[in-house]
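Coordinate inspection notes
Residue strings, one per chain:
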Amino acid sequence: MERNKKRRKRISQEEKMEIVRLHYLEGVSQSELARRYDTAQSVVWRIIRTFASENDKIALLMKNEPVDSQAEEIKALKAEILEQVVEAVGKAIRFYNSERPHSSIDWHTPNQAHQMSGDMKQHWRSWREDAIRVNKNQSQ
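The sections below set out a description of the structure shown in this document. In this text, all values refer to a predicted model and were calculated from it rather than measured experimentally.

**Thoughts on the overall build of the chain**
Each helix and strand in the chain was counted, giving seven helices and zero strands. For the chain, the residues scored as buried account for 19% of the 140 residues in total. For the chain, the accessible area works out to roughly 11,700 Å², and carbon and sulfur atoms hold 51% of it.

**Examining the nonpolar core**
In terms of nonpolar packing, the biggest core is built from 11 residues, these being Ile11, Ile19, Val20, Leu22, Val28, Leu33, Ala34, Tyr37, Val44, Ile47 and Ile48. Mapped by element, the contributors of at least two residues to this core are helix 1 (13-26), helix 2 (30-36) and helix 3 (41-51). When sequence neighbours within four positions are dropped, the list of residues in contact with alanine 34 reads Thr39, Ala40, Gln41 and Val44.

**Topic: the side chain of histidine 102**
With respect to the helices and strands, histidine 102 occurs in the loop between helix 5 (67-98) and helix 6 (110-115). Given a relative accessible area of 9%, histidine 102 falls into the buried group. Polar contacts involving the side chain of histidine 102 include one to the side chain of arginine 100, which spans 2.9 Å. Beyond its immediate stretch of four places on either side in the chain, histidine 102 contacts Tyr96, Trp107, His108, Thr109 and Pro110.

**Concerning unusual backbone geometry**
In the Ramachandran plot, aspartate 106 falls in the positive-phi region, its phi being about 55° despite a non-glycine side chain. With respect to the secondary-structure elements, aspartate 106 resides in the loop between helix 5 and helix 6. If you check the backbone angles, tryptophan 107 has positive phi at about 60° while not being a glycine. Its place among the elements puts tryptophan 107 in the loop between helix 5 and helix 6.

**A look at the pattern of salt bridges**
Under the counting rule described, the total for this entry stands at three salt bridges. The partner of arginine 35 in a salt bridge is glutamate 32, with the nearest N and O atoms 2.6 Å apart. Remark: glutamate 32 and arginine 35 occur in helix 2; sequence separation between them is three residues, near one turn of the helix. Among the salt bridges present, the one from aspartate 130 reaches arginine 133, with a minimum N-O distance of 3.0 Å. Linking aspartate 130 with arginine 133, this pair stays in helix 7 (residues 127-139), spanning three residues, or about one helical turn.

**Here's the deal with helix 1**
Between its terminal C-alpha atoms helix 1 stretches 19 Å, which fits the 20 Å expected from 14 residues at 1.5 Å a residue. Among the residues of helix 1, those classed as buried are Ile19, Val20, Arg21 and Leu22. One or two residues past the end of helix 1 sits glycine 27, with phi positive at roughly 70°.

Basis of the calculations
Residues numbered from 1 in each chain as written. Predicted model: local features only at pLDDT ≥ 70, side-chain atom pairs only at ≥ 80, totals over all residues. Heavy atoms only, no water. Helix = DSSP H or I, 4+ residues; strand = E, 2+ residues; numbered from the N terminus. Buried < 20%, exposed > 50% of the residue type's maximum accessible area, 1.4 Å probe, protein only. Areas by Shrake-Rupley, 256 points an atom, 1.4 Å probe, with all protein chains shown as cover. Core = buried A, V, L, I, M, F, W, Y, C linked by side-chain atoms within 4.5 Å. Contact = heavy atoms within 4.5 Å. Polar contact = N/O pair within 3.5 Å; in protein donor to acceptor, adjacent residues only side chain to side chain. Salt bridge = Lys/Arg side-chain N within 4 Å of Asp/Glu carboxyl O. Expected span 1.5 Å × (residues − 1).

Take a look at the structure:
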């Protein structure tokens, strides 16, 4: 039994990048891209899915520059953003632990409570201890 299957051309790396760019940046549908590149829609879907990692999407936004320089710029940008995030989280943790008083520890900051000795009045409820107590009473 002979199949009437048309042999489709291989899609080059440049064409794959163009397919991804057209899809993400210009909103061209997968069916339209399949028609333009004379291939199956499933092939276009696979190209978009496998070829368009996050870095490739960012690189596509910086269209006409070589990919190597884009990768370096992206790495530098990610490092700068990561530094800012780490700094902001550290600032929030320092505020939470050393400046913000907590009602559950008699309106002390966690740092003050940590330096105190002796017992502290418990202003919270331990759901874990309640469950242990209930299970213990039910088993007796």
